[in-house]
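What follows is each chain in one-letter form.
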Amino acid sequence: MNTLPHFTHLLVLPHLKVHNANAVSSPLTHGFPSITAFLGLMWALERKTRAAGLDLEFGAVGVVCHDRQEQTTEGGFVKSFRLTRNPIQRDIERKLIDKDGRTSTPAIVEEGRIHLDLSLVLAVNAGTWDRDAQQHDLETILDLLQGMRIAGGTLLPATQAPASRHRPWLANLTGDSDDQAGEFHKLRARLLPGSALVARDDLIDSRLNELRKQSPQATRLDAWLSLSRINWHYDSKAEDGKGVWQHDRKKGSGWVVPIPVGYGALGELHAAGTVVHARDAATPFRFVESLYSMGEWIGPHRLHAPQELLWYADSRPDEGLYRCRNDYRSVDTTL
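Conventions and cut-offs
Residues numbered from 1 in each chain as written. Predicted model: local features only at pLDDT ≥ 70, side-chain atom pairs only at ≥ 80, totals over all residues. Heavy atoms only, no water. Core = buried A, V, L, I, M, F, W, Y, C linked by side-chain atoms within 4.5 Å. Buried < 20%, exposed > 50% of the residue type's maximum accessible area, 1.4 Å probe, protein only. Helix = DSSP H or I, 4+ residues; strand = E, 2+ residues; numbered from the N terminus. Contact = heavy atoms within 4.5 Å. Axes fitted to C-alpha atoms, helices over the stretch in contact; angles between N-to-C directions. Parallel < 35°, antiparallel > 145°, perpendicular 65-115°, else oblique. Left-handed = near helix turned anticlockwise from the far one by under 90°. Patch = residues over 30% accessible without salt bridge, like charges linked within 9 Å, V, L, I, M, F, W, Y side chains within 5 Å. Areas by Shrake-Rupley, 256 points an atom, 1.4 Å probe, with all protein chains shown as cover. Salt bridge = Lys/Arg side-chain N within 4 Å of Asp/Glu carboxyl O. Phe/Tyr/Trp six-rings, centres within 6.5 Å; stacked < 30°, edge-to-face > 60°. pLDDT = per-residue confidence, 0-100.

**Side note on the nonpolar core**
Reasoning step 1: Formed by 44 residues in total, the largest nonpolar core has its most connected members in Leu16, Phe38 and Leu122.
Reasoning step 2: Counting residues per element, this core draws most heavily on helix H1 (residues 35-51), which supplies seven residues.
Reasoning step 3: Apart from residues no more than four positions distant in its own chain, phenylalanine 38 is found in contact with Phe32, Pro33, Val61, Val63, Leu118, Leu120 and Ile150.
Reasoning step 4: Ranked by size, the runner-up nonpolar core spans 22 residues in total, among them Leu4, Leu10, Val64 and Leu309.

Structure, rendered in structure tokens:
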């Protein structure tokens, strides 16, 4: 298993306004982009900074959401995504032609969108980094980021001179343990109000143990599905003699959500260029499917160390696993 890469600074990109990001994080989940999208953004940004002459390494990313607006229909129990159609092309060559030679208007491609106000925290390994170089590099990073997509969404430019709380800033973690704790304490406070996404893989094990007490053949998939919904049961032994319906979300259980955490291999690795229509003909190719776990949205003030906030890549090609990890540990693992 890979571990969190070494880092010397935390680069905070606060209150990024993202328009029309991808709300469908996997074939089974929606409501917020997958954490893989933010790791991909981190790696793409690192490549751009190196091309611009910056000697920086980005090893992990933390995500704090301040506001979200999923583009779904309002009212009613069942909601649908608000879908749009591109303008109908008058040019017959741009229309679809069916098997009988007749032209038809292309169908709407269903996709979920979400508007986000989020802060990204990048773990940076920079070695020696003086104040003048930091100011120059921060401006370069912000300029590069303005031309990039975030989880498929568009980063909106500031409509006016950004306030100090919306400018990128650095937390220096090169001091002793007390200095690092103080820096992270200030970082947590500046990320409020908001919710940080952390991993709760432990909840699956706890729920699986509970399910196997009643059904020994229960699997981890059963535990994940059970955690992903609110389970109601009828209690016929209430104190007043009347039966009542109760759910399994105990008080204080937290805002727990199902999330994708990477990909699992479906077959062997194919040599570069051997798979037709692959996006990159110079990179080995592998068919994969989504891996799922549980996450929790918590206030940044509840985090005790940067390691609890940051997500990093854990790639094990020999085992066919390419997943994201987070080192958050809850004091109470019961649900």
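**A word on the packing of H1 against helix H2 (residues 131-146)**
Reasoning step 1: Direction vectors running N to C along H1 and H2 enclose 120°, while the axes themselves pass 10 Å from each other. By the angle between their directions, the pair H1 and H2 is classed as oblique. The crossing of H1 and H2 is right-handed. Two secondary-structure elements touch here, H1 through Leu41, Leu45, Lys48 and Thr49 and H2 through Ile141, Leu144 and Leu145.

**Re the environment of arginine 50**
Reasoning step 1: Take arginine 50: it is sitting in helix H1.
Reasoning step 2: For arginine 50, the residues in contact, after removing those within four places along its chain, are Asp55, Leu56 and Glu57.

**So, a nonpolar patch on the surface**
Reasoning step 1: Together, Ile230, Trp232, Tyr234 and Trp245 line one region of the surface with nonpolar side chains, adding up to about 530 Å² of accessible area.
Reasoning step 2: Residue position: isoleucine 230 is located in the loop between helix H5 (220-227) and strand S10 (232-235).

**Section: the environment of glycine 53**
Reasoning step 1: Relative to the helices and strands, glycine 53 resides in the loop between H1 and strand S2 (57-70).
Reasoning step 2: The spatial distance from the C-alpha of glycine 53 to the C-alpha of aspartate 137 is 9.6 Å, given a sequence separation of 84 residues.

**Points about the packing of aromatic side chains**
Reasoning step 1: All told, the structure shown has five aromatic pairs when counted by the stated rule.
Reasoning step 2: Relative to tyrosine 292, the ring of tryptophan 224 has its centre 5.1 Å away and its plane inclined at 45°; by these criteria the two rings are tilted. With tryptophan 224 in helix H5 and tyrosine 292 in strand S13 (residues 288-298), this residue pair connects regions lying 68 residues apart in the sequence.
Reasoning step 3: Classification of tyrosine 292 by relative accessible area gives partly exposed; the value is 26%.
Reasoning step 4: Look at tryptophan 255 and tryptophan 297: their rings are 6.0 Å apart centre to centre, the planes differ by 40°, and that puts the pair in the tilted class. In this pair, tryptophan 255 sits in strand S12 (residues 255-265) while tryptophan 297 sits in strand S13, placing the two residues 42 residues apart along the sequence.
Reasoning step 5: Taken together through their ring pairs, the aromatic side chains of Phe32, Phe38, Trp255 and Trp297 make up a single cluster.

**Notes on the confidence of the model for the protein chain**
Reasoning step 1: With 86% of its residues at a pLDDT of at least 70, the protein chain reaches an overall mean of 86.
Reasoning step 2: Per-element averaging of pLDDT across the protein chain places strand S3 (residues 96-97) at the bottom with 56 and strand S9 (residues 195-199) at the top with 96.

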